[in-house]
Structures are given as structure tokens and as C-alpha cells.
Amino acid sequence: MRRAAFIPRLRDNGEVDLSCLEGMGDEWIWNWLKSRLSGDDPHFPIDPRVGEDPEALVVGLLREAGERSGLWRTIARAVRYLLYEASDVIPEVPPFFGPALRICQRCRFTEVEGWFVETLRRLAENSDPLERAWGERLVKEITYAAVLQIPGIPTSPARQAWLHLFEDPRYTTIALRGLGASFSQRLSYLPQWWQICARGDREKQVDNMIFTALKVHSFQEICPLLQSQQYRFPYELEVAINDALERYGAARVFIVHGSYIRSIMNAGRRSEMDPPEDLWK
Amino acid sequence: MSGTPTGVKLLLNVENEAHLIGDRSFGDPETFRRFLGAWISGHSPTASDRDRRDSYCGVCNDYQLQGSRIPAEVLPGNLVRYVASNRSFLRIMIEKVLGEDAVIDFDAGDLSVGGAFFRLELFWDTSVFRSEDGVGRGKGVFATFNSLTAPLPDDATEILEALAHPVLVSSLSEENFLFRFSYSSRDVHEPRIPTVADAGWFHFFEPSQDVEPDPAVSATCFGWTKPFGRQQPQPELVHHNVSMQVVKKAPELIGVVVR
């Protein structure tokens, strides 16, 4: 049976009318998506003057349609096809690949989990071939999307790959997010992360962690979490956290001492011992 | 091409194009003749719509940045670039200036668009950008400037109407933000009047009138948008893409777009 031709419809206010895409079928959606993400959409033209992202419309449509809708599932399947298509043509980089990854950074699709687990494992085993083929930029985009698609919870098939990437200074910050979905989960990885992360990069990452933690939680919530880490964190990390807290109007949480006093404090200290509360009064 | 509203307008735009002259003088049709020849040769009646469109876009790509040159004496000191519906560009700035952790928060929605711009202003540093981090996506970049005769409104939606940018998604405000940044016109190479080739498949573009650029009448030296609604046309030009290193001040969020 021949499918009806697509008729794009806009609402009175200029929005795309979702109903014109519903029921268009997998093959049509795949073709449209492939073309649009490659920068060419005959139905909803992409504005080159203001640098419109081709995927912006798609993410907007997905959010409006919702995860339970047929359109969400159809687009999810189309994205999966595109990801495998990109893998099949290595070392070529199809133009739709980057925008398809950016959709995956915003919308979670169970359909693409397999592709991300497989790709993250390959990356963790040896990043060179993928970086040579796709370039470091796109490989990084894959890991950003993987944070959402395949978080490294203990039961995840991607956990080992995340742990491996955590050791690599180029991926350690992204892997930190892959391993710890919440602020409190990430705290236990922070001392190791601080040692691995590039020196010139660490403070701005910490600044962001604190900015977002204050925004998403509250100072009252994060303060005890941070204080529970006193003596586990390296001196410079504590300074960076204190600085960030002050920058955003919160109080310092660490009593930061010079390395001399610190070494005295740590000398002979058993891990289960807490410092006397009145030590610094 | 003429079978759809988009095609009809594109065809009209091509008919009205007068500034696709390359390095020749105004009125010399040779460059435009070659553009048309290349287009026609790819426009075989046996080809599919898709192939004909691809062919047209390919020819446009080849003929970008070939509009009339804009005389240096009429250029304003600063050019302004408006960027809309472009999270990927903002993401790059976030990654370079604020770090990867901020990118993940931005993707997850924990760092809002407003929060991102607030922090970009705090930490703005052009040294983090590389030469390939352009102010725009392609070879050529559209820009405008503050025109005394046609001041832009303050509201994001009205600005986009003045720039004739259609907003296709408005249900998701986080997708529809508008920001701007400026850079010195001395930092750009060979600014030109935009032509149909620069606009490609984007049919809301309006070709400049068939008037020779005259430095004494500066309005003739730029392209002008054809706004939606009641906004005033805005000057526009194209120039070669340049690195974000020229953007000395942090980009400014204008707002989200509401329709």
C-alpha cells in the first residue's frame, strides 16, 4: 500500500503541528531525520543565518510528544538506525552523526543502549581507533550522551568501561558523571578524580560542581556531605571548594590549614578516628 | 522547485538577485550567469526532488560570499551576531569556558540557559577558544549591527521577527533562546552583501534591491531583512567565519522566545 505524501502543517502561531508527523512510519521518519540532521530539511527549512541547530526542532517535538508517544518511539528507532549507520561507514563521518548524538544527550532512549554500551567498551579498551576515525570531538560527544543513556551504576554493563575511562585525564570528568549520578555519589570519587584531572582544568570543574549543587540542592544539604569528607580530600581540592562556595555567596565548609599543620594532624591518625571537635576552636 | 511555497519563494529570490557578482563590478552578470548555469545543469528533469534540492544547495555552497563588497568606510565599528535555537554553540562555549561538568549539567537541565550565561560572564576568557571555534557554523557568517535608523526591539520574539527568523518550536522554551555577541568589524575579512547563495534553502531571506552600493547612501551597501510582523528591516551582511577569539565580551542572553 502506498503511503500518503507528507504535508507539513504549522499551527497559527508558527509551531510545527505534531499531528502531521504522527503516523508517517519508520522509513519516512528515518529519511526525514537523516536529511534534517544532515542540514537539509525541505519541509521545515533550517535557518543558516542564526545558526539554527538541526536537532533543536527534533528535541522540541520529542519533548512535546512525550516518552509514551508513538512519535517518540519512532524517532528513537530512527536514531538507533543512524548510530549504527555511522558505525558501519567508519572512518567516514556522516553529517547526521553529531546532531544525532546531541539528541541522545537530551532524550533517553532504551533503543540506543546497546550501541552506547558497545561503543563505550571499544573506547575504554583502546580509544585510538575511534578517535582516529571520528575525531576526539565526536568521541567526546559520545561519552556525553553515554552519561544519560548508560549511567555506570553497579549493575550496568557499562560500569567497567566507565571505571576505565575515569583513569584517563581526557575523559575523567565525564566518567565521574557517568559513575555518580548524584552529588553525594560523586564525592567518594573526588579525591582520585582530583589527581587524574588536568591541573589547569580542575578548579573550573569544581566551581561548576558547587554552583550546580547549590542550585539543585541547598547549602544546608551539601554542607554536611562535604564536611564528612574533611581529611579525605587533598588540600587544594578543599581550597577550590571553599573558593567556589564563597563565590556563590555560601560559607566555607572546610577549615583549611597549611600543609605543616595538616601533616601533623594526619600523622598517626587512624581512619576511624574523628578529630576532636574543639581542635580548631 | 516551483511546486511548493518554499520553491516559489526561492525562485522569486533568485529572480530578484542582483548582487551575486563575485569580484566583478556591479551590473556584470558573469558570476550570476555561472551560478545559474551550475544550478541548471544539476536540475535535470529526470532527477528526484531530493537530488535537485541537493544540487541547488551544493551550488549555493560553492557561490557563498560572492555578493557585492561592502566599502570599508560604511562599516560600523562593531558587528553583532544573533544566535537562536542553537544549544550546540552555547554548549561549546560552556565546555571551553566552564568545563565538561557544566556541559553535562546543561544537557541534564541542571544548568539553565540563564545560569550558563551568568557564569560565562563571570569566567569569559577568549584564550580558551581555538582558531576552528568559529563565530558561526559554516564558511560564511551572517551578522548585523545596531542601526540608528532601524533600532532593534528589546524583546527576543520581536528581534527574531525583525530578523525574519521563523520560530518553529515554542513549546520548549529552553530550545528557543536568543543571544548575541559582538566583535570589531576590523576582525572580519571581506564583508559582503548577502545573496541567495548565502541563504541556501532558507527562503525567508530577502535579496537586496537592484541598486549599486553607494558609500554616500550607506543603506545601499548592506542587505536588509524582510521582517515578519510589524518590525523594521534590519541591516545584514556576510563575512568569512572567524574564531570566537575576536569576541572580547561574554555573549548576552536576550531571552527566550514566546509566540
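A. Structural view of the overall build of chain B. Counting secondary structure elements, chain B contains 8 helices and 6 strands. Element order for chain B, N to C, with α for helix and β for strand: α-α-α-β-α-α-α-β-α-β-α-β-β-β. Against the globule reference of 18 Å for 259 residues, chain B gives a C-alpha radius of gyration of 19 Å, in line with a compact fold. On the principal axes, the C-alpha backbone points of chain B span a range of 50 × 45 × 40 Å. When the 259 residues of chain B are sorted by exposure, 57% land in the buried category. Sequence-distant contacts in chain B: of pairs separated by 6 or more residues, those separated by 24 or more amount to 78%. With an accessible surface of roughly 10900 Å², chain B has 51% of that area assigned to carbon and sulfur atoms. One way to put it: in chain B the 24 positive side-chain charges average out to a point 2 Å from where the 35 negative ones average out.

B. Quick look at the sheet that holds strand S5 (residues 235-240) of chain B. Residue and element names in this part refer to chain B. Pairing in this open sheet of 3 strands is antiparallel, and the strands run S2-S5-S4 from one edge to the other. Each edge of the sheet is formed by a strand with only one pairing partner; in this case those strands are strand S2 (140-143) and strand S4 (223-224). Pairing between S4 and S5: 2 bridges, direction antiparallel. Across the sheet, Trp 224 pairs through a bridge with Pro 235, a residue of S5.

C. View of the pattern of salt bridges. Per the counting criterion, the structure on display carries 34 salt bridges over all chains. Here B:Arg130 makes a salt bridge to B:Asp133, at a shortest N to O gap of 4.0 Å. Looking at B:Arg130, the relative accessible area reads 42%, which means it is partly exposed. The class of B:Asp133 is buried, set by a relative accessible area of 10%. In this structure, B:Arg192 engages B:Glu190 in a salt bridge whose closest nitrogen and oxygen atoms are separated by 3.2 Å. One network of salt bridges, in which partners are shared, links A:Arg137, A:Glu141, B:Arg91, B:Glu95 and B:Asp107.

D. Structural detail: the packing of helix H6 (residues 127-149) of chain A against helix H5 (residues 100-108) of chain B. Their axes nearest at 10 Å, the elements H6(A) and H5(B) cross at an angle of 50°. Judged on the interaxial angle alone, H5(B) and H6(A) are oblique. The way H6(A) lies across H5(B) gives a crossing that is right-handed. Across the interface between the two elements, A:Lys140, A:Tyr144 and A:Val147 from H6(A) touch B:Glu100, B:Val103, B:Ile104 and B:Asp107 from H5(B). Of the residues in the contact of H6(A) with H5(B), the class split is 4 nonpolar, no polar and 3 charged.

E. Structural view of the sheet that holds strand S6 (residues 252-256) of chain B. All names here are of chain B. The 3 strands lie next to each other as S1-S3-S6, forming an open sheet whose pairing is antiparallel. A single partner strand is all that each edge strand has here, and the edge strands are strand S1 (78-84) and S6. Averaged over all adjacent pairs, the angle separating strand axes in this sheet is 25°, with direction ignored. As paired strands, S1 and strand S3 (residues 177-184) are joined by 7 bridges and run antiparallel to one another. By the bridge assignment for S3, Val 83 is matched with Phe 179. The sheet contacts of helix H4 (residues 87-98) involve S1 and S3, and relative to S3 the element is tilted by about 60°. In this fold helix H6 (residues 113-123) packs onto S3 and S6, with an angle of close to 170° to the strand it touches most, S6.

About the thresholds
- Residues numbered from 1 in each chain as written.
- Chains lettered and ligands numbered in written order.
- Predicted model: local features only at pLDDT ≥ 70, side-chain atom pairs only at ≥ 80, totals over all residues.
- Heavy atoms only, no water.
- Helix = DSSP H or I, 4+ residues; strand = E, 2+ residues; numbered from the N terminus.
- Rg over C-alpha atoms; globule rule 2.2 N^0.38 Å.
- Buried < 20%, exposed > 50% of the residue type's maximum accessible area, 1.4 Å probe, protein only.
- Contact = heavy atoms within 4.5 Å.
- Areas by Shrake-Rupley, 256 points an atom, 1.4 Å probe, with all protein chains shown as cover.
- Lys, Arg positive; Asp, Glu negative; His and termini not counted.
- Charge placed at Lys NZ, Arg CZ, Asp CG, Glu CD.
- Pairing = 2+ DSSP bridges.
- Salt bridge = Lys/Arg side-chain N within 4 Å of Asp/Glu carboxyl O.
- Axes fitted to C-alpha atoms, helices over the stretch in contact; angles between N-to-C directions.
- Parallel < 35°, antiparallel > 145°, perpendicular 65-115°, else oblique.
- Left-handed = near helix turned anticlockwise from the far one by under 90°.
- Nonpolar A, V, L, I, M, F, W, Y, C, P; charged D, E, K, R; others polar.

Coordinates in, geometry out; function isn't part of it.
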